[in-house]
Structure formats: structure tokens, C-alpha cells
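# A look at the structure
Residue-level listing of the chains:
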Amino acid sequence: FESKDDYAHQQNIELLQRYALLVLNYATGDWMFRDGLGVINRSECDFPLYVTCKDGIITGLDLSNQHLSGTIPPEISLLTTLEHLSLWGNSIGGVIPPEIGSLTNLK
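Here is a short report on the structure shown in this document.

Our focus in this paragraph is the overall build of the protein. On a plain count of helices and strands, the protein comes out with 1 helix and 5 strands. Along the protein, from the amino end to the carboxyl end, the secondary structure elements read α-β-β-β-β-β. Over its C-alpha atoms the protein spans a radius of gyration of 14 Å, differing by no more than 12% from the 13 Å that the globule rule assigns to 107 residues. Dimensions along the principal axes, computed over C-alpha positions, put the protein at roughly 45 × 35 × 20 Å. Considering the protein as a whole, with its 107 residues, one finds that 35% of them fall into the buried category. Approximately 6500 Å² of the protein is accessible, and the part contributed by carbon and sulfur atoms is 55%. Within the protein, one finds 6 positive and 13 negative side-chain charges whose respective centroids are separated by 3 Å.

This is the structure:
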């Protein structure tokens with residue numbers, strides 16, 4: 001990092017990413033803890049089956065065919081660097097939160 005501000009900014013992004021993933025995890029069926037994955041003392045980028053990262057920042061989330069249910073929480077909008085999101089093949093219900101429209105990097 002070039003400065004303390006750069007480091008602090010990176011830490012804030014990582015904290016928000018962790019929070020957003022945990023909220024999504026609990027809202028859709030606890031997929032992060034299935035098969036003993038867990039998140040304690042691990043980076044979100046340590047889940048290569050689900051999460052794609054670049055330089056420690058989440059750029060993709062693939063939760064296809066993971067037997068998820070529940071709803072997509074508005075906190076997903078905290079994943080501001082997300083370029084790819086795949087949720088097909090699940091039983092997710094409810095409305096798509098309007099906050100997802102703020103993910104302008106999605107392709």
C-alpha cells in the first residue's frame with residue numbers, strides 16, 4: 001500500500017465484503033458453513049468454488065445449484081466490485097432488492 005489511507009480503504013472494503021457475504025449466507029441457507037467451510041480467520045477469497053477475487057477484492061460470486069432458499073438481502077449491494085453474480089438453480093424467492101441496481105460493475 002502506498003499510504004495508510006490506501007490500507008484503511010482496503011480494510012474497509014474487505015470488512016464490508018465479509019458483512020455482505022455473511023448476511024447473504026444466512027439469508028439463503030448457510031452455504032458458507034456447509035461441509036465445514038466456515039469463515040472464522042479466513043478471507044472471503046478462500047472460497048474458490050463460490051468466490052472470485054482480484055487482489056483480495058470480490059469480483060465474482062457463483063452460487064449456482066447450491067440448494068439455496070430464502071431471499072436476496074439488500075446488503076448484496078455492499079459488494080460494489082462485483083462483476084459476475086450467478087444464483088441460478090436454487091429456490092431463492094421474494095423480490096430482487098432494488099439496491100442490486102447499484103452494482104454497476106455487473107456484466
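Following the structure, the description resumes.
The next point concerns the sheet that holds strand β4 (residues 84-86). Sheet architecture is open: 3 strands sit in the order β1-β2-β4, paired in mixed fashion. The outermost strands of the open sheet, each flanked by one partner alone, are β1 (51-54) and β4. With direction set aside, neighbouring strand axes in the sheet form an average angle of 25°. As paired elements, β1 and strand β2 (residues 57-62) share 4 bridges and run antiparallel to each other. Bridged to C53 within β2 is I58.

Before going further, it helps to spend a moment on the pattern of salt bridges. Counted under the stated rule, the structure contains 1 salt bridge. The partner of E83 in a salt bridge is K107, and the shortest N-O contact between them spans 3.8 Å. Of the two residues, E83 is situated in the loop between β3 (69-71) and β4 and K107 in the segment after β5 (91-93); the sequence distance between them amounts to 24 residues. Residue K107 is classed as exposed on the basis of its relative accessible area, which comes to 84%.

Conventions used here
- Residues numbered from 1 in each chain as written.
- Predicted model: local features only at pLDDT ≥ 70, side-chain atom pairs only at ≥ 80, totals over all residues.
- Heavy atoms only, no water.
- Helix = DSSP H or I, 4+ residues; strand = E, 2+ residues; numbered from the N terminus.
- Rg over C-alpha atoms; globule rule 2.2 N^0.38 Å.
- Buried < 20%, exposed > 50% of the residue type's maximum accessible area, 1.4 Å probe, protein only.
- Areas by Shrake-Rupley, 256 points an atom, 1.4 Å probe, with all protein chains shown as cover.
- Lys, Arg positive; Asp, Glu negative; His and termini not counted.
- Charge placed at Lys NZ, Arg CZ, Asp CG, Glu CD.
- Pairing = 2+ DSSP bridges.
- Axes fitted to C-alpha atoms, helices over the stretch in contact; angles between N-to-C directions.
- Salt bridge = Lys/Arg side-chain N within 4 Å of Asp/Glu carboxyl O.

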